[in-house]
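# Geometric and topological summary
Spelled out from the first residue to the last, the chains are:
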Amino acid sequence: MDPATTTAPMQNDCETEEKSSCEYPPRPSSVWSWWPSWRPTSMSLLKTAESKILACIQNDVWSRFVTLPNRDRIWTLTLTNKGVRKTAEQALKTPLVMVHGFGGGVGLWIRNVDALSRSRPVYAFDVLGFGRSSRPSFPSDATQAEKQFVDSIEQWRHSVGLENMILLGHSLGGYLATSYAMQYPTRVSHLILVDPWGFPERPQPQTQEGHGSEVNKRPPLPRWVKAIAAVVSLFNPLAVIRAAGPWGPGLVNRFRPDFKTKFEDLFEDDTMTQYIYHCNAQTPSGEVGFRAMSESLGWAKNPMLERVHQLPPSMPLTMLYGARSWVDSSSGDKVVQIRNQAPTKVMLIDDASHHMYADQPEEFNRVVENICNSVN
């Protein structure tokens, strides 16, 4: 990255704003006052890990906090092609806005943002409650939690001055992008959902013909599995990372070694797993919102398949799935049926898991760029 673009943009950060706005309020003095220091993390360490990742970007990048009317702040990257003269035609290109998934942040798009910003501006931001964005309280009601997420996206859009956008969301980001597109359809030129979470309804027990009682087609779960699931459901999804204290980074390396592998040609060390750790070892906020919107084992309380008909028929929708992903692409086929004649496509990325943008970045970038070019 050009030195001229690495120093100045990054200074529009905590160093140039009041220190109190960059830190969380101190916890009340109590027997638990040692808890935060027991975890080897901080927003400063998250910033350091992220800076190492963003140093790989070749195009012009402007990184800053975007302040919302309620004073929440959304950490935002804007990328443009520094190798191309800024023409009037390029200025008219609809920007691409990228929304990461649960537990992620802008750093996970490092294999994509340079390629996708060749012909149009690309925006990526940390979803409210995740990464370096503000971590406010979220309501326990699913509808209200979803509304808080979506309202923050709309306030962010207004603050950065985008009239419309190509909106891309991965996993939880796909769920939020769909909800946003339903509420603000005039702002979305094309909706791209990447292995979106929260579309299917939670499966109900099957009834066996000829019998009045409900029986499961599959063998019932062992009692110990049900017991563990019941206990886990009482906590936020990533609580174990924080509870592990100094062993937290090791847990991420042990249980998510794929994040290191996916980016090993960029970083020989554990930069990416350190980034994931610091993104999720902070005070939980977005996790609380996600937990409010989900139920047993991660099913959405308000599934999108029940609401996707609310997207305007004129809005183009493309759904991308990894051929090896745990997300069932059959939801995409159902969306095609629900939308009937509306422009809807379902595409599979071969040899890709849930994080297809990192597994097969060249193919992912090619597909997304073609979609963008279909807009203008």
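Above this text is the structure in question.
All values reported here derive from a predicted model rather than from experimental measurement. (Residues numbered from 1 in each chain as written. Predicted model: local features only at pLDDT ≥ 70, side-chain atom pairs only at ≥ 80, totals over all residues. Heavy atoms only, no water.)

### Considerations on the overall build of the protein chain
In plain terms, the rule: Only DSSP runs of H or I with at least four residues qualify as helices, and only runs of E with at least two residues qualify as strands; both kinds are numbered from the N terminus onward. For every residue, the accessible area (1.4 Å probe, protein chains only) is compared with the maximum for its type, and the residue is labelled buried under 20%, exposed over 50%, or partly exposed between those bounds. Residue contacts follow a heavy-atom distance rule, with two residues in contact if any of their heavy atoms lie within 4.5 Å. Every accessible area reported is derived by Shrake-Rupley at a probe size of 1.4 Å, with residue values counting cover from the shown protein chains alone.
Of regular secondary structure, the protein chain possesses 16 helices and ten strands. The buried share of the protein chain, reckoned over its 376 residues, is 49%. The contacts of the protein chain with a sequence gap of at least 6 include a subset with a gap of at least 24, amounting to 75%. Carbon and sulfur atoms form 54% of the exposed surface of the protein chain, whose accessible area is close to 18500 Å².

### Notes on the packing of helix 3 (residues 43-54) against helix 12 (residues 271-280)
The criterion, for reference: Each axis is a line fitted through C-alpha atoms, and for a helix only the stretch in contact is used; angles between axes span 0 to 180 degrees, taken between their N-to-C directions. Note on convention: near helix rotated counterclockwise from far helix by under a right angle means a left-handed crossing. Clockwise means right-handed.
It is the contact of helix 3 with helix 12, at a shortest axis distance of 9 Å, that shows an interaxial angle of 145°. In the packing of helix 3 onto helix 12, the handedness of the crossing is left-handed. For the pair helix 3 and helix 12, contact is made by Leu 45, Leu 46, Ala 49, Glu 50, Lys 52 and Ile 53 and by Thr 271, Met 272, Tyr 275, His 278 and Cys 279, respectively.

### Things to note about the layout of surface pockets
Heads up, the condition is: Only protein atoms enter the 1 Å grid used here, on which a cavity is any set of points holding a 1.4 Å probe that cannot leave and a pocket is any open set flanked by protein within 12 Å on both sides along at least five of seven lines; residues with an atom within 4 Å of a point are listed as lining. Grid points are joined across faces, edges and corners, and a volume is the space filled by probe spheres set on the points. Residue polarity is assigned by list, with Asp, Glu, Lys and Arg as charged and Ala, Val, Leu, Ile, Met, Phe, Trp, Tyr, Cys and Pro as nonpolar; anything else, Gly included, falls into the polar class.
Roughly 1200 Å³ of internal volume is contained in the largest pocket. Forming the boundary of the largest pocket are 43 residues, of which Phe 102, Ser 171, Arg 256, Trp 326 and His 354 lie nearest the centre. When contributions to the lining of the largest pocket are tallied by element, the ones reaching two or more residues are helix 9 (239-243), helix 10 (248-255), helix 11 (257-262), helix 12, strand 8 (299-300) and helix 14 (330-339). Grouping the amino acids of the lining of the largest pocket by side-chain chemistry returns 23 nonpolar, 14 polar and six charged.

### Considerations on the nonpolar core
Rules: What is meant by a nonpolar core is a set of buried Ala, Val, Leu, Ile, Met, Phe, Trp, Tyr and Cys residues, joined one to another through side-chain atoms within 4.5 Å.
Of all hydrophobic cores here, the largest spans 48 residues; its most connected members are Leu 96, Met 98, Leu 168, Tyr 275, Phe 364 and Val 368. Not counting the four nearest positions on each side in its chain, Met 98 is found in contact with Trp 109, Asn 112, Val 113, Leu 116, Val 122, Tyr 123, Ala 124, Phe 125 and Leu 168. Formed by 46 residues, the second largest nonpolar core is a distinct cluster that contains Phe 149, Trp 156, Met 293 and Met 315.

### Quick word on the packing of aromatic side chains
Selection rule: Planes of paired rings set the category: under 30 degrees apart is stacked, over 60 is edge-to-face and the rest tilted, where pairs are Phe, Tyr or Trp rings (Trp by its six-membered ring) whose centres lie within 6.5 Å. Charge-over-ring contacts are defined here by two conditions on Lys NZ or Arg CZ: a distance within 6 Å of the ring centre and an angle within 35 degrees of the ring normal.
Counted under the stated rule, the structure contains eleven aromatic pairs. In this structure, Arg 64 packs its charged tip against the face of Trp 62, placed 3.8 Å from the ring centre. For Arg 132, the ring lying beneath its charged end belongs to Trp 75, and the centroid distance is 3.9 Å.

### Digging into the pattern of salt bridges
Filter applied, for reference: Just to be clear on terms, a salt bridge is a Lys or Arg side-chain nitrogen sitting within 4 Å of an Asp or Glu carboxyl oxygen.
Tallying each qualifying case throughout the model produces twelve salt bridges. The partner of Arg 187 in a salt bridge is Glu 163, and the shortest N-O contact between them spans 3.2 Å. With a gap of 24 residues between them, Arg 187 in the loop between helix 7 (172-183) and strand 6 (188-194) and Glu 163 in the loop between helix 6 (142-160) and strand 5 (165-170) connect regions that are remote in the sequence. The exposed category is assigned to Glu 163, whose relative accessible area is 55%.

### A word on the sheet that holds strand 9 (residues 317-322)
To be explicit about the condition: Should DSSP find at least two bridges between two strands, the strands are regarded as paired.
With mixed pairing, the eight strands of this open sheet are ordered in space as 1-2-4-3-5-6-9-10. In this open sheet, the two edge strands, each paired with only one partner strand, are strand 1 (60-67) and strand 10 (344-349). Ignoring which end each strand starts from, the neighbouring axes of this sheet average 20° apart. Relative to strand 9, strand 6 is paired through four bridges, and the arrangement is parallel. Across the sheet, the residue bridging to Leu 193 is Met 319, located in strand 9. On the sheet, helix 7 packs against strand 3 (96-99), strand 5 and strand 6 and is oriented at approximately 145° with respect to strand 5.

### Some remarks on the pairing of strand 4 (residues 122-125)
What you see with strand 4 is no split at all: Val 122 and Ala 124 on one side and Tyr 123 and Phe 125 on the other are buried throughout. Here strand 2 (residues 73-80) runs beside strand 4; their pairing, made up of four bridges, is antiparallel. Counterpart to Leu 79 in the pairing with strand 4 is Val 122. Looking at chain direction, strand 3 and strand 4 are connected through four bridges and run parallel.

### Points about helix 6
Here is the rule: A helix is expected to span 1.5 Å for every residue after the first. Polar contact criterion, stated in full: a pair of N or O atoms within 3.5 Å, where within protein one must be able to donate a hydrogen and the other to accept it, and residues adjacent in sequence count only if both atoms are side-chain atoms.
End to end, helix 6 covers 28 Å across 19 residues, agreeing with the expected 27 Å (1.5 Å per residue, within 8%). Looking at helix 6, one finds that the buried residues are Ala 142, Ala 145, Glu 146, Phe 149, Val 150, Asp 151, Ser 152, Ile 153, Glu 154, Trp 156, Arg 157 and Val 160. N-capping of helix 6 is provided by Asp 141, with a side-chain oxygen placed 3.1 Å from the backbone N of Thr 143. Directly after helix 6, the chain includes Gly 161, whose backbone phi takes a positive value near 85°.

### With respect to the packing of helix 6 against helix 7
Heads up, the condition is: Each angle receives one of four descriptions, namely roughly parallel if under 35 degrees, roughly antiparallel if over 145, roughly perpendicular if within 65 to 115, and oblique otherwise.
Interaxial distance between helix 6 and helix 7 falls to 10 Å at its minimum, and their mutual angle equals 70°. Relative to helix 7, the element helix 6 is oriented roughly perpendicular. As for how helix 6 packs across helix 7, the hand of that crossing is right-handed. Seen from helix 6, the contacting residues are Glu 146, Phe 149, Val 150, Ile 153, Glu 154 and Arg 157; seen from helix 7, they are Tyr 175, Leu 176, Ser 179, Tyr 180 and Gln 183. Its residues placed into classes, the contact of helix 6 with helix 7 shows six nonpolar, two polar and three charged.

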